[in-house]
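# Inside the fold
Residues per chain are reported as follows:
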Amino acid sequence: MYLYETHLHTLPTSKCARASVRENLEFYKSLGYKGVFITNHFIDGNISVDRRLPYEDKINYFFEGCEEGKALAKEIGLDVFEGIESSYQGIDFLVYGLSKEWFLAHPEIESLKKSEELRLFMESGALVIQAHPFRGSDYIDHIQLFPKVIHGVEIYNANRTDFENRQAEIFCENYGLIPFAGSDNHAGAAQLHLGGMAFDTPLKDEQDFVARILDSKGEIFKIVRE
Ligand SMILES: [Zn+2]
Ligand SMILES: [Zn+2]
């Protein structure tokens, strides 16, 4: 099977990340992964960009991390794909399959309700996953679920508790959504618990990933490093 990290934060794009793009790629290469999706906090989340800048500047800044990864892919020998982690009141969504050009052409997303924005992503061909839906934290006022405007649920997030992941799994099963897994790695090579999606043949690009997940062709895997 070919292993892919689906939920990864890198410096400097994600304010809360602690490892560079290069360090992350070398780490996943050393573990035998085939590829990674760089999913930094988007312009509505914990991104290290001035929120008052024009939309276009923020989008260009966001994609610099993915572009850096794609430029290093060949040298390191790891396939690099892009995604975003979009936020709303401490609730997060992993979105795959939309390009920088798509976002540059859709500045209206900044003024949409979250559910309208997610619906637009889906109608535009994206895969939308609610990340760690049962995460408890001081900065999260209450749990919010969006079953009508997501395709799937992160039922295994390597940085959440077994209880939170189990609740996510029950939510996913009861609504007939697609089960999904990722590490939410902010720490590079210091990350001991990992999770992701595996496939029997290598992924071609982001669209291929979206199509295979929607077709239930991905398999969840978990790794615990000593
Ligand atoms: Zn973060
Ligand atoms: Zn994340």
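Summarised in this report is the structure supplied together with it. Since the model is a prediction, treat every value here as computed from it, not as a measurement. (Residues numbered from 1 in each chain as written. Chains lettered and ligands numbered in written order. Predicted model: local features only at pLDDT ≥ 70, side-chain atom pairs only at ≥ 80, totals over all residues.)

### Details of the sheet that holds strand β7 (residues 178-182)
Working definition: the strands of a sheet are paired by backbone hydrogen bonds and lie parallel or antiparallel to each other. A sheet is described by the order of its strands in space; here nine strands give the open sequence β7-β6-β5-β4-β3-β2-β1-β8-β9, paired in mixed fashion. The sheet is open, and its two edges are formed by β7 and β9 (219-224), each paired on a single side. Averaged over all adjacent pairs, the angle separating strand axes in this sheet is 35 degrees, with direction ignored. Here strand β6 (residues 152-157) runs beside β7; their pairing, made up of five bridges, is parallel. Counted as the bridge partner of Glu154 is Phe180 from β7. Sheet contacts for helix α4 (residues 114-123): β3 (79-88), β4 (91-96) and β5 (127-131); angle to β5, the most-contacted strand, approximately 140 degrees. (Pairing = 2+ DSSP bridges. Helix = DSSP H or I, 4+ residues; strand = E, 2+ residues; numbered from the N terminus. Axes fitted to C-alpha atoms, helices over the stretch in contact; angles between N-to-C directions. Contact = placed C-beta atoms within 7 Å.)

### So, the packing of helix α1 (residues 21-30) against helix α2 (residues 55-76)
Contact geometry for α1 and α2: axes closest at 10 Å, N-to-C directions at 45 degrees. The orientation of α1 relative to α2 falls into the category oblique. Helix-helix and strand crossings are classified by hand; for α1 and α2 the assignment is right-handed. Facing α1, whose interface residues are Val21, Arg22, Leu25, Glu26 and Lys29, α2 presents Gly65, Glu68, Gly69, Leu72 and Ile76. The residue inventory of the contact of α1 with α2, partitioned by class, reads four nonpolar, two polar and four charged. (Parallel < 35°, antiparallel > 145°, perpendicular 65-115°, else oblique. Left-handed = near helix turned anticlockwise from the far one by under 90°. Nonpolar A, V, L, I, M, F, W, Y, C, P; charged D, E, K, R; others polar.)

### Notes on the nonpolar core
With 48 residues, the main nonpolar core has Val36, Phe93, Val95, Tyr96, Ala126, Val128 and Ile129 as its most contacted residues. Excluding its chain neighbours within four sequence positions, the residues that come into contact with Phe93 are Ser86, Leu118, Val128, Ile129, Gln130, Ala131 and Ile150. (Core = buried A, V, L, I, M, F, W, Y, C linked by C-beta atoms within 7 Å. Buried ≥ 20, exposed ≤ 12 C-beta atoms within 10 Å, placed from the backbone.)

### Describing unusual backbone geometry
Residue Pro12 follows Leu11 across a cis peptide bond; omega there is 0 degrees. Position of Pro12 relative to the elements: it lies in the loop between β1 (2-8) and α1. Unusually for a residue other than glycine, His132 sits at a positive phi of about 25 degrees. Counting through the fold element by element, His132 comes out in the loop between β5 and β6. Phi angles above zero are rare outside glycine, and Asp184 is one such case at about 60 degrees. Secondary-structure assignment places Asp184 in the loop between β7 and β8 (193-199).

### Some thoughts on the pairing of β4
Judged by how many residues are buried, β4 sits mostly within the fold: five of six residues are covered. Bridge count between β3 and β4: six bridges; the pairing is antiparallel. Note on β4: the bridge partner recorded for Glu85 is Leu94. Where β3 hands over to β4, the hairpin turn is made up of two residues, of which Gln89 adopts a positive phi near 50 degrees. Relative to β5, β4 is paired through five bridges, and the arrangement is antiparallel. Bridge assignment links Phe93 to a residue of β5, and that residue is Gln130.

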